[in-house]
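Residue-level structure breakdown
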Amino acid sequence: SSPQLCSPPGASKQDVRQKVWDYLESSGLAEFPRPVHRRIPNFKGSHQACCSIKELDVFNRASEVKVDPDKPLEGVRLAVLQARKTLLVPTPRLRTGLFNRIVPPSGATKEILRICATSQGIKEYSVPVGLDGKAQVDLVVVGSVAVSEKGWRIGKGEGYADMEYAMMVSMGAVQEDTPVITIVHDCQVLDIAEELLGDHDLTVDYILTPTRTIKTNCKRPKPRGIIWHKASYLCYHEMLEKIPILKSLRYREKQAGKDVTLQDEHSDLAKASTPAAENSRPQAATGSAQTGQHHVESDSLSPRLEGSGTITTVYVGNIPPSVRVSELKSALREFHAAPFRLNWQGAQHRAFLDYKDKATAERAVSSLKGLSLGGNTWRVELANNQRNKGQVEINSQK
């Protein structure tokens, strides 16, 4: 490990981060964007460290490479594009999905490829890849704040790299033996106490610095997917607001029969569950998707509307032809967004959901946002009500 830094006994992950960030700044090794605190730090020599990836067999054999969007990894993104491999970059903070595929224009010059590797290029030349995008990642490249020669890694503390990896496992995009590489300055390689590592922490197989390539031979198993029972219910709901694709993933795993119960879910949900919504399982309207009929139901997906309150309608669009009304209903129940009336228009790839007040409708929109079923991310928004012989249409006038 680096002579300048060692983590003192009893140091927390945050102590180690602080030490590395302070040292990079005080020694003049920090590069733009600065200060490097609270980031995956960029450092002098990062491009040189990135270039040595081209000498690794695991890189040369890979055809699809996932690289984090951090500044010090720009050289790796460029190397992937120059080698005409598929480059996947996680969506910033996983807000709109899991990955973007960077697709340079045909006949791209060296200069354009260089732009594609930057944060500006990630915005301009990317195509989102949904949960059903069948990504097969051969190599994962992550940034780190600190890493040990044994392959134990400390990130910036927000948990995104660990979460991205766990989500890739759940999607089937990575296998147990998919190699993980990190790029750091020599001073970021230091001893890390094993007790600081949790089951969800991602370990690395190779460390590239400006002066060396370290093969860690790490024996510690990598996360095997999202560890739902370790996630607290409240923390999960906070993550859901930030990472809508998590909802789709949890829903899919539940459909596949996996136990996705959260740590303290039952004690929380016991108080909040509504028996009426759970006990009534409406019969699926089979055939309506195929024949293209409009199909309006006012069943007890949720308790019936009392009196004549104002109705707020939510529009759900971009529904793939393969999805049936029964799947939509079970998703609505799953996300506690059951309407009192559902207007299914499968042939038009859309549905309208009626709620008894605006607040309930807005809650439904926020909990269904980012839902991806059948290969599409659905479009969910409040509809402008326009009642016409019982049909609800979206009003194009703003």
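Since we're looking at a predicted model, the values are computed, not measured. (Residues numbered from 1 in each chain as written. Predicted model: local features only at pLDDT ≥ 70, side-chain atom pairs only at ≥ 80, totals over all residues. Heavy atoms only, no water.)

Brief notes about the pattern of salt bridges
Selection criterion: Any carboxyl oxygen of Asp or Glu within 4 Å of a side-chain nitrogen of Lys or Arg constitutes a salt bridge here. Secondary structure elements are taken from DSSP: a helix is a run of H or I of four residues or more, a strand is a run of E of two residues or more, and numbering for both begins at the N terminus. Here's how the labels work: a residue is buried when its accessible area is under 20% of the maximum for its type, exposed when over 50%, partly exposed in between, all with a 1.4 Å probe on protein chains only.
One pass over the structure, following the stated rule, counts 14 salt bridges. Close ionic contact of Asp201 with Lys13 constitutes a salt bridge, the shortest N to O distance being 2.9 Å. On the criterion of sequence distance, the pair formed by Asp201 in the loop between strand 8 (180-183) and strand 9 (206-208) and Lys13 in helix 1 (residues 13-26) is long-range, its members being 188 residues apart. What makes Asp201 buried here is its relative accessible area of 4%. Lys222 is the salt-bridge partner of Asp205, the closest N and O atoms lying 3.0 Å from each other. Of the two residues, Asp205 sits in the loop between strand 8 and strand 9 while Lys222 sits in the loop between strand 10 (213-215) and helix 8 (233-242), which places them 17 residues apart along the sequence. Members of the salt-bridge network, linked through shared partners, are Lys66, Asp68 and Glu164.

Quick word on the sheet that holds strand 8
Filter applied, for reference: When DSSP finds two or more bridges between a pair of strands, those strands are recorded as paired. The angle between two axes is taken between their N-to-C directions and runs from 0 to 180 degrees, where each axis is a line fitted to C-alpha atoms and a helix contributes only its stretch in contact. By definition, residues are in contact when any of their heavy atoms lie within 4.5 Å.
One open sheet accounts for eight strands, arranged 4-3-2-1-5-8-9-10; its pairing is mixed. With one partner strand each, in any of the chains shown, strand 4 (126-129) and strand 10 form the two edges of the open sheet. Strand-to-strand twist of the sheet, defined as the mean angle between neighbouring strand axes without regard to direction, takes the value 25°. Taken together, the four bridges between strand 3 (residues 99-102) and strand 4 define a ladder with antiparallel strand orientation. The residue bridging Ile102 from the neighbouring strand is Ser126, located in strand 4. Packing of helix 4 (residues 74-82) onto the sheet brings it into contact with strand 1 (64-67), strand 2 (86-90), strand 3, strand 5 (139-143) and strand 8, and relative to strand 2 it is tilted by some 150°.

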